Amino acid sequence: VFVARIAGKEFAWVYEKPSYSKTIGDLDAQTIVVQEVIVEHESLAAFRILPATRFGDVKTGSFDMSVSRSLESAPLFTKQVAISDLKDALWYQVDIPTDVKITKGEHLFISIRTMNSSAPYASVRYAQDPIRGTPIYISRTGNIDDAVQKPGSLGLELMYVGIDGKQASELETKLLR
């Protein structure tokens, strides 16, 4: 609940946010997880992931993330971040490069895997309920061609440039008109 005081009166704003209480499982060298998303608004600026680092115990390796237009297509861009730079259960933002053009209505495939990591392995937060209308794909062989659909949604949210020029999450639709 958000309560604001406007002209001396209190106004409440109530909304439900998704809960990502589980993890997708260990992201070892052979595991690739992909969340398909639909770009619902203009001006996609970034995406955020919700990493799981076992309360900071995971120290080795990196998350290698890529964004593409299909499971098998070449990435539009990639981003690598050291797992030691991630905080458990705190959103980590990946900005979309300005030279990458993405339009409203496009389907994107956001892929995450770890490189040079060892046990205990990092993961990504996950909800068993399908928060999105798009699937998760997961491969445990290291080959995206072997990926199978899994129900649920990764802890991932899209960020847009809002009507006020600031970034707003896809949940803040009143700011994205």
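Above this text you will find the structure in question.
Residues numbered from 1 in each chain as written. Predicted model: local features only at pLDDT ≥ 70, side-chain atom pairs only at ≥ 80, totals over all residues. Heavy atoms only, no water.

**Student:** Quick rundown of the overall build of the chain? Include the residues and the values.
**Tutor:** Assigned secondary structure in the chain consists of zero helices and 16 strands. Expected size for 177 residues packed as a compact globule is a radius of gyration near 16 Å; at 17 Å, the chain falls within 12% of this value. Across its three principal axes, the chain shows a C-alpha extent of roughly 60 × 35 × 30 Å. The long-range fraction of contacts in the chain, counting pairs at least 24 apart against all pairs at least 6 apart in sequence, stands at 73%. (Helix = DSSP H or I, 4+ residues; strand = E, 2+ residues; numbered from the N terminus. Rg over C-alpha atoms; globule rule 2.2 N^0.38 Å. Contact = heavy atoms within 4.5 Å.)

**Student:** Please provide a residue-by-residue account of the environment of P130, values included.
**Tutor:** By the secondary structure assignment, P130 is in the loop between β11 (123–127) and β12 (136–139). Here P130 falls in the exposed class, since its relative accessible area comes to 61%. For the pair formed by P130 and K79, sequence separation is 51 residues and the distance between their alpha carbons is 26 Å. If sequence neighbours within four positions are ignored, P130 has contacts with G152 and S153. (Buried < 20%, exposed > 50% of the residue type's maximum accessible area, 1.4 Å probe, protein only.)

**Student:** Lay out the pattern of salt bridges with the relevant residues and their values.
**Tutor:** Here the structure, examined in full by the defined rule, presents five salt bridges. Between E170 and R132 there is a salt bridge, with the nearest N and O atoms lying 2.5 Å from each other. Of this pair, E170 sits in the segment after β16 (167–169) while R132 sits in the loop between β11 and β12, placing them 38 residues apart in sequence. Residue classification places E170 among the buried residues on the basis of a relative accessible area of 17%. Given a relative accessible area of 13%, R132 falls into the buried group. (Salt bridge = Lys/Arg side-chain N within 4 Å of Asp/Glu carboxyl O.)

**Student:** An account of the sheet that holds strand β13 (residues 148–150) is needed here, citing residue identities and associated values.
**Tutor:** Taking strand neighbours across the sheet as the criterion, the six strands line up as β8-β7-β10-β4-β12-β13 in an open arrangement whose pairing is antiparallel. Lying at the two open borders of the sheet, with one neighbouring strand each, are β8 (77–82) and β13. Mean inter-strand twist for the sheet, computed between neighbouring axes without regard to direction, equals 25°. Examined bridge by bridge, strand β4 (residues 32–38) and β12 share four bridges and lie antiparallel to one another. Within β12, the position partnered with Q35 by the bridge is I136. (Pairing = 2+ DSSP bridges. Axes fitted to C-alpha atoms, helices over the stretch in contact; angles between N-to-C directions.)

**Student:** Would you mind going over the pairing of β4 in detail, with residue names and values included?
**Tutor:** If a strand is regular, its side chains alternate between the two faces of the sheet. Of all seven residues making up β4, six are buried, and the element is well covered by its neighbours. In this structure, β4 lies alongside strand β10 (residues 107–115), joined through seven bridges in antiparallel fashion. By the bridge assignment, V37 is partnered in β10 with L108.

**Student:** Could you give an account of the sheet that holds β16, naming the residues involved and the relevant values?
**Tutor:** The strand order β9-β5-β15-β16 describes an open sheet built from four strands, whose pairing is antiparallel. Edge positions in the open sheet fall to β9 (92–95) and β16, since each of these has one partner strand only. The average undirected angle you get between the axes of adjacent strands in this sheet is 30°. Of the pairings in the sheet, the one linking strand β15 (residues 156–161) to β16 comprises three bridges and is antiparallel in character. Bridge pairing in β16 links M159 to S169.

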